[in-house]
Amino acid sequence: MYLPPYHRLTDRDAVFSLIEAHPLGTWVCQGNDGLVVNHIPFVLDRHMGPSGTLLGHVARANTVWRELQATTLSVVAFQGPQAYITPSWYPGKAKHGRVVPTWNYTAVHAHGVARVVDDRDALWDLLNRLTDAQEASRSSPWHVDDAPASFVERLMHAIVGIEISIERLEGKLKVSQDEAPADRDGTVLGLRACPSEAAHAMADLVRNALDSDSQP
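Along each chain, residue indices are assigned from 1 in the same order as the chain's sequence is written. In keeping with the predicted nature of the model, local features appear solely for residues at pLDDT of at least 70, side-chain atom pairs appear and are counted solely at 80 or more, and the whole-chain, interface and lining totals rest on all residues. Remark: hydrogens and water are excluded; side-chain values derive from all non-hydrogen atoms of the structure.

Caption draft 1: Seen up close, helix α1 (residues 12-21). When α1 is considered as a whole, its buried residues turn out to be V15, F16, L18 and I19. Looking straight down α1, one finds that the buried residues subtend no more than 155° of arc, so they occupy a single side. Next to the buried residues of α1 lie β3 (43-45), β4 (53-59), β5 (73-85), β6 (102-117) and β7 (159-174). The classification of residues rests on relative accessible area computed with a 1.4 Å probe and restricted to protein chains. Under 20% of the type maximum is buried, over 50% is exposed, and intermediate values are partly exposed. Secondary structure is summarised from DSSP: a helix means a run of H or I of at least four residues, a strand means a run of E of at least two, and numbering begins at the N terminus for each. To be clear, the arc concerns the directions from the helix axis to the C-beta atoms. In what follows, residue pairs with any heavy atoms lying within 4.5 Å of each other are defined as contacts.

Below is the structure:
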């Protein structure tokens, strides 16, 4: 991933938090006939391996798991808040006109080798962890064992677990750091005037980065 120094997200907790907040990853690996892309919800185990481990599953009918080799490299991309930035928000537009649109976004790429998990007990644990991570915030969380055991066992035969031990992490925080301070202020105001939650999330990120850059 192209990473100018001012866009690098190096704080490990921030990188992990982005993955946990946006767990639907775009998993890319080499298959028999070229690159294979799948969109998989992952649960992150921060403490499994030196840089964490991603756990997910695919349909058994999906041939990707049969094509994995012991050295097959994978990358999983996680997309955080993102928003179009119009130069109409920039005071610089009226002052000198030398402004253009851009797109702000946050992303993490996790690199590693994928391993198939086809052991029944390990797969059961993986499903519980994945489900519990998504249900934890609900007032009445659903648990895997809420469903009939025979029903779950039948469905488990139709999936295969995927475990990716993370070897390298890349984090990108593109939040107007290369714009003039006044234009960054204008971006925050413009985003907060938008109706979407994604725009408001990006406004907070732009403001936090601006405040951080302003500190002595």
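Caption draft 2: Inspection of the packing of aromatic side chains at higher detail. When two rings of Phe, Tyr or Trp (its six-membered ring) have centres within 6.5 Å they constitute a pair, described as stacked for plane angles under 30 degrees, edge-to-face for angles over 60, and tilted for the intermediate range. The full count for this structure, using the stated rule, is 2 aromatic pairs. Both rings, one in F42 and one in F78, keep their centres 6.2 Å apart while their planes meet at 70°; by these two values the pair is edge-to-face. Linking F42 in the loop between β2 (34-41) and β3 with F78 in strand β5, this pair joins segments that are 36 residues apart in sequence. On the accessibility criterion, F42 (3% relative accessible area) is buried.

Caption draft 3: Quick look at the sheet that holds β2. One open sheet holds the 7 strands; their spatial order is β2-β1-β5-β6-β7-β4-β3, and the pairing between them is antiparallel. The outermost strands of the open sheet, each flanked by one partner alone, are β2 and β3. If you compare each strand with its neighbour and ignore which way they point, the axes differ by 35° on average. Strand pairing is defined by DSSP finding a minimum of two bridges between the two strands. Summarising the sheet, β4 and β7 pair through 7 bridges and their orientation is antiparallel. Among the inter-strand pairings, L55 is bridged to a residue of β7, identified as E163. For every element, the axis is a line fit to its C-alpha atoms; helices are fit only across the contacting stretch, and the angle between N-to-C directions ranges from 0 to 180 degrees.

Caption draft 4: Fine view of the pairing of β2. Here strand β1 (residues 24-31) pairs with β2 via 8 bridges, running antiparallel. Within β2, the position partnered with W27 by the bridge is N38.

Caption draft 5: Quick peek at the pattern of salt bridges. Criterion for a salt bridge: a side-chain nitrogen of Lys or Arg within 4 Å of a carboxyl oxygen of Asp or Glu. One pass over the structure, following the stated rule, counts 13 salt bridges. One salt bridge in this structure joins R168 and E170, with 3.3 Å as the shortest N-O distance. Taking relative accessible area as the criterion, R168 reaches 42% and is therefore assigned partly exposed. The residue R192 makes a salt bridge to D204 at a minimum N-O spacing of 3.4 Å. Within this pair, whereas R192 is found in helix α6 (residues 181-192), its partner D204 is found in helix α7 (residues 197-214), the two being separated by 12 residues in sequence. One continuous salt-bridge network, built from bridges that share partners, spans D13, E20 and R46.

Caption draft 6: The side chain of E135, seen in detail. Mapped onto the secondary structure, E135 falls in helix α4 (residues 120-135). The residues touching E135, leaving out its near neighbours within four places in the chain, are P141 and W142.

Caption draft 7: Seen up close, the pairing of β6. Pairing between β5 and β6: 11 bridges, direction antiparallel. Considered in β6, the bridge of A83 is made with N104. Here 13 bridges tie β6 to β7, and the two strands are oriented antiparallel to one another. Residue pairing across strands places V117 opposite G161, the latter belonging to β7.

Caption draft 8: The arrangement of the side chain of E163 in detail. As for its placement among the helices and strands, E163 is situated in strand β7. In contact with E163, not counting residues within four places along its chain, are M48, T53, L54, L55, V113, A114, R115 and V117.

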